[in-house]
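For reference, the chains in residue letters:
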Amino acid sequence: MEVQSVIVKSESSSGRERSNERPRGRGPPPPRGIYDVNQERRKERERQMEEREPAAPRPRQDPVEEMKTMTLTRTGGAYIPPARLRMMQEQITDKSSKEYQRIAWEALKKSINGLINKVTAANIKAIIPELFGENLVRGRGLFCKSIMKAQAASMPFTPVYAAVVAVVNTKLPQLGELLITRLIVQFRKAYKRNDKATCLATTTFIAHLTNQWVAHEILALKVLFLLLGQPTEDSIEIAVGFMKEVGSFLAQEASGANEGVFERLRNILHEGKIEKRTQYMIEVLFQIRKDKYKDNPPIGNDLDLVDDDEQITHTLELDEEDLDVMEGLNVFKFDPEYLDNEEKYGAIKAEILGDDDSDESGSDESDEDEEDGEESREALQKKMEIQDRTNTNLVNLRKTIYLTIKSSLNFEECCHKLMLINLEQGQQIELCNMVIECCSQERTYEKFYGLVGERFSKINRDWSEAFKECFATNYETIHRLETNPLRNVAKYFGHLMSTDALPWDVLSVIHLNEEETTSSSRIFIKILFQDLVESLGLKKLNERVKDPYCAEWFSGLFPKNNPKSTRFAINFFTSIGLGALTTDLREHLKNAPKSIMAQQQDAESSDSDSDSDSDSSSSGSDSDSDTDSSSGSDSSSSSDSEDDRRHRRSSRRRRTRSRS
């Protein structure tokens, strides 16, 4: 019994101990001095305790001391939010202190990275002055590291980065030399490790630096001889890519060595020990060479920023042993002469960018410089404006117009909503086209669209001109519409013309003849005039057609220049039940032969008058000769008649003698 009681007692005591332990997963332990099973009551007690004993304020730490604690490490220490960093920088007044230099170093690194990451062929001329505005002498290690990283991440922008280096190298040659040194060392390490991606990026950068005359062609040739000395699939691929970029330059500057490279590639190709893919790459390279590198120029037109005379070429070789990459320039180091070095670089920057603050002749010149600066900034902003060539804004505008039309209860509400849309200059035609397109998509014509067009045309003359342009465009492309959309469009324009919202001179674009019309255009004219007759009446329409003021507008619909076209127009309007409009055409066609004969007679009479005038001088002499000949002929004829009478008399006498 005693043993059992001892066991029970021990179990109960262990249970109490476990109950005092904090259960897992229940959140943080309660504050010291407060133990309560009820959570709500415990929270209330905590609140009351805080009211009785408020928490002591956090001591304000000195920004200098805070920077010291954050910059103990070599790579930068803890992360500092930008707002906190600016506040700390404002509070630190000693610019020669290590803490201030550390903040300036971080700002320099961010600025160089940002400028290099956003440089393109379009904005390179604007980025380079900003790049010179930073202390590139102090941050030359940052510059080389950032541009090598950006080039490896985006290979297609290698020509742009090479152009940036070429410009910087003309003013600060130590940056170009350091970059080439790091590229050589990086290529060596990647070649030994068989790192194909790094070798491709490095050789591409070296090729474009060679094209820009920053690196000497000897470096490029030694890279090629190393890659092709003991060829492998990867080394040949790297060499072929390298030659695509630098081949045109080597063909001009080192033609003999270039021929040797291609001879080596030809031998590798003839040996046949490489894969088909690699053989094809070599054949493509030979074809590029045959085409004289027309798709791989050494320097693009927009990247040729440095004259050949100003460029500084560095003759670093691949097998040099004393190459110093200066890794210490990538990290922050305290500079005891920081302020003096900043002043020196300020003088260098003023010399490079042409800024001379000491020469201020007066306020007028400064004002002019400010105006010029503002104009240059405005011009730069205009160049940097994003031009949307995907027509996204136009598509969104058409969508807005469509939804506005479909969501309107009546035409007045629709016009009010459409007038609230902010349209730019020249976008009125888009609204007109959208209204016509919505009308054409309906099953039957709805007067709603005609009333919308009528209201807009009568508000402003610009809308009327826009609808005139739409009429001409739709008539030219009417053959693209099916029968139902064609009918709706014709009725729409008929409504606008019957209400005089659309000027009738738009009909001058219609030429009704067999050659210039199609079946679709004739159907359009038929429905248009039938709608006009329904709205105006045949009498009023006939008066409008025969109005002499409007004769020029209807000269194409009722042609009189050709009898064939006239007959065609008469037959067309007669077939659609509007023959009454062709009375003038019928009279013209009836009188056409007479008028033609009269014109011919007038032409002949004019010709005869001209002939009579020309022959008037010779008519007098001809009449005199005629009278003389007529008198001679009369005398001869009288003498002949007397001889005949004498002969007859003598013959009678002989007959009477013989009878007797």
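The residue numbering used here restarts from 1 in each chain and proceeds along that chain's sequence as written. Totals for whole chains, interfaces and linings use all residues, but because this is a predicted model, local features are given only for residues with pLDDT of at least 70 and pairs of side-chain atoms are given and counted only at 80 or more. Side-chain numbers here rest on the full set of heavy atoms in the structure, without hydrogens or water.

Under an unreviewed UniProt entry, the protein chain has the name Pre-mRNA-splicing factor cwc22 and belongs to Linnemannia gamsii. Check the Sequence similarities (unreviewed entry) section of the UniProt entry for the protein chain; it says "Belongs to the CWC22 family." UniProt positions are given in the numbering used here, feature names are shortened, and annotations may be inferred rather than shown by experiment. The Subcellular location (unreviewed entry) comment attached to the protein chain in UniProt states, word for word, "Nucleus".

Visitor: Is there a simple way to explain the nonpolar core in this structure?
Guide: Note on soluble globular proteins: their nonpolar side chains tend to be buried together. Counting residues in hydrophobic clusters, the biggest one holds 82 residues, and the most contacted among them are Leu136, Phe143 and Leu209. The contacts of Phe143, once residues within four sequence positions are left out, are Ile112, Ile116, Leu131, Leu136, Val164, Val165, Val168 and Leu175. By size, the runner-up hydrophobic cluster in this structure holds 63 residues, among which are Cys414, Ile436, Tyr449 and Trp463. Buried Ala, Val, Leu, Ile, Met, Phe, Trp, Tyr and Cys residues that are joined via side-chain atoms within 4.5 Å together make up what is termed a nonpolar core. For each residue, the accessible area found with a 1.4 Å probe, counting protein chains only, is set against the maximum for its type, and the residue is called buried under 20%, exposed over 50%, and partly exposed in between. Contacts between residues were defined by any pair of non-hydrogen atoms, one from each residue, lying within 4.5 Å.

Visitor: Can you walk me through the side chain of Ser520 in this structure?
Guide: Only runs of H or I of at least four residues qualify as helices and only runs of E of at least two qualify as strands under DSSP, and these elements are numbered from the N terminus. Looking at the element boundaries, Ser520 is found in helix H23 (residues 519–536). Non-local contacts of Ser520, meaning those with residues more than four positions away in its chain, are made with Ile478, His479 and Leu486.

Visitor: Hey, could you run me through a negative patch on the surface in this one?
Guide: Each patch is built from residues lacking any salt bridge and having more than 30% relative accessible area; the joining distance is 9 Å for like charges and 5 Å for nonpolar side chains (Val, Leu, Ile, Met, Phe, Trp, Tyr). Reported accessibility uses the Shrake-Rupley method at a 1.4 Å probe radius. Residues are deemed covered only where the shown protein chains occlude them. For this document, the term salt bridge refers to a Lys or Arg side-chain nitrogen within 4 Å of an Asp or Glu carboxyl oxygen. For the purpose of counting charges, residues Lys and Arg are taken to be positive, whereas Asp and Glu are taken to be negative. His and the chain ends are not included. Note that the charge is assigned to NZ on lysines, CZ on arginines, CG on aspartates and CD on glutamates. Residues Glu253, Asp304, Asp307, Asp308, Asp309 and Glu310 make up a contiguous surface patch of negative charge. Tracing the chain through its elements places Glu310 in the loop between helix H14 (276–290) and helix H15 (338–353).

Visitor: Any chance you could explain helix H11 (residues 217–229) here in plain terms?
Guide: Three- or four-residue spacings in an α-helix give side chains the same orientation, since the helix completes a turn every 3.6 residues. Residue count minus one, scaled by 1.5 Å, sets the expected span of a helix. Taking 1.5 Å of rise per residue, the 13 residues of H11 would be expected to cover 18 Å, and the 18 Å separating its terminal C-alpha atoms lies within 8% of that figure. Along H11, the positions that sit buried rather than exposed are Glu217, Leu219, Ala220, Leu221, Val223, Leu224, Leu227 and Leu228. Buried residues belonging to H11 abut helix H9 (173–193), helix H10 (196–211), helix H12 (233–253) and helix H13 (255–271).

Visitor: What is the right way to look at the pattern of salt bridges in this model?
Guide: Once their charged atoms are close, side chains differing in charge can pair, the charge on each being opposite to the other. Throughout the structure, instances matching the rule amount to 21 salt bridges. Put simply, Arg102 and Glu106 hold a salt bridge, and the shortest N to O gap is 3.4 Å. Of this pair, Arg102 and Glu106 are both found in helix H5 (residues 98–117), 4 residues apart, which corresponds to roughly one turn of the helix. Here Glu515 ties to Lys564 by a salt bridge, and the two come within 3.7 Å at their closest N and O atoms. Highlighted residues: Glu515 in the loop between helix H22 (483–498) and H23 and Lys564 in helix H25 (residues 563–575), separated in sequence by 49 residues. The exposure class of Glu515 is exposed, given its relative accessible area of 57%. Sharing partners across several salt bridges, the network here consists of Lys196, Asp234, Glu237 and Arg277.

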